[in-house]
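# Descriptive analysis of the structure
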Amino acid sequence: MPKQVGRTGDDAAFVHSIRVGWGHCDPAQIAYTGHLPSFALEAIDAWWEHHLEGDGWYQMELDRGTGTPFVSMNFEFRSPVTPRHRLECEVWPAAIGNKSVTFRVDARQNGTLCFEGRFTCVFIDPSEFKARPAPADYRAVIEANLRPE
């Protein structure tokens, strides 16, 4: 369930909480590496859903006519992810271009940074699968929450 977590003053971070289960683990008893991108993408989808009044990627593509396929994903692993604690994924837009947006995801368990990720996607017209400028309402939401690195 997403939540807003206060940082300083009126500035609040968007945090999506994920229950890491036994089935997410590998023989080393930590979350299988292949699940970590899925956790991060779930958190980004939750960010969109929270900021677009309930519309996540499904509605963005099918109802709003804008897709956002990823062109880059970059991870830095800091500490193992386990089922012991919820994975708290802080999400924010770190950069916006004319036709792209880069999200940052910092994932923590019990206060320990587990991974940092940067995810860049482009705005497209799904019917043609061609890049297009960010729609004005998306751009407004992104710019209102932008935290450049």
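Figured I'd write up the structure that's included with this text. (Residues numbered from 1 in each chain as written. Predicted model: local features only at pLDDT ≥ 70, side-chain atom pairs only at ≥ 80, totals over all residues. Heavy atoms only, no water.)

## A closer look at helix H3 (residues 136-145)
Those residues of H3 that fall on the buried side of the exposure criterion are Tyr138, Val141 and Ile142. Viewed along the axis of H3, the buried residues span an arc of 95°, placing them on a single side of the element. In H3, the exposed residues that point more than 90 degrees away from the buried face are Ala136 and Ala144. (Buried < 20%, exposed > 50% of the residue type's maximum accessible area, 1.4 Å probe, protein only. Helix = DSSP H or I, 4+ residues; strand = E, 2+ residues; numbered from the N terminus. Arc of directions from axis to C-beta.)

## A look at helix H1 (residues 35-51)
Here H1 spans 25 Å end to end across 17 residues, near enough to the 24 Å set by a 1.5 Å rise per residue. Residues Leu36, Phe39, Ala40, Ala43, Ile44, Ala46, Trp47, Trp48 and His51 constitute the buried set of H1. Just downstream of H1, Glu53 is the residue with a positive phi angle, here 55°. (Expected span 1.5 Å × (residues − 1).)

## Details of the pattern of salt bridges
Applying the stated criterion to the full structure yields 10 salt bridges. Between Arg64 and Asp137 there is a salt bridge, with its nearest N and O atoms 3.0 Å apart. Pair noted here: Arg64 is in the loop between helix H2 (57-62) and strand E3 (70-77) and Asp137 is in helix H3, with a separation of 73 residues, a long-range link. For Asp137, a relative accessible area of 41% gives the class partly exposed. (Salt bridge = Lys/Arg side-chain N within 4 Å of Asp/Glu carboxyl O.)

## Examining the packing of H1 against H3
At a minimum axis separation of 11 Å, H1 and H3 run at an interaxial angle of 110°. Classified by the angle their axes make, H1 and H3 are roughly perpendicular. Counting all contacts with H1, which are made through Trp47, Trp48 and His51, the residues of H3 involved are Tyr138, Val141, Ile142 and Asn145. Taken together, the residues that form the contact of H1 with H3 break down as five nonpolar, two polar and no charged. (Axes fitted to C-alpha atoms, helices over the stretch in contact; angles between N-to-C directions. Parallel < 35°, antiparallel > 145°, perpendicular 65-115°, else oblique. Contact = heavy atoms within 4.5 Å. Nonpolar A, V, L, I, M, F, W, Y, C, P; charged D, E, K, R; others polar.)

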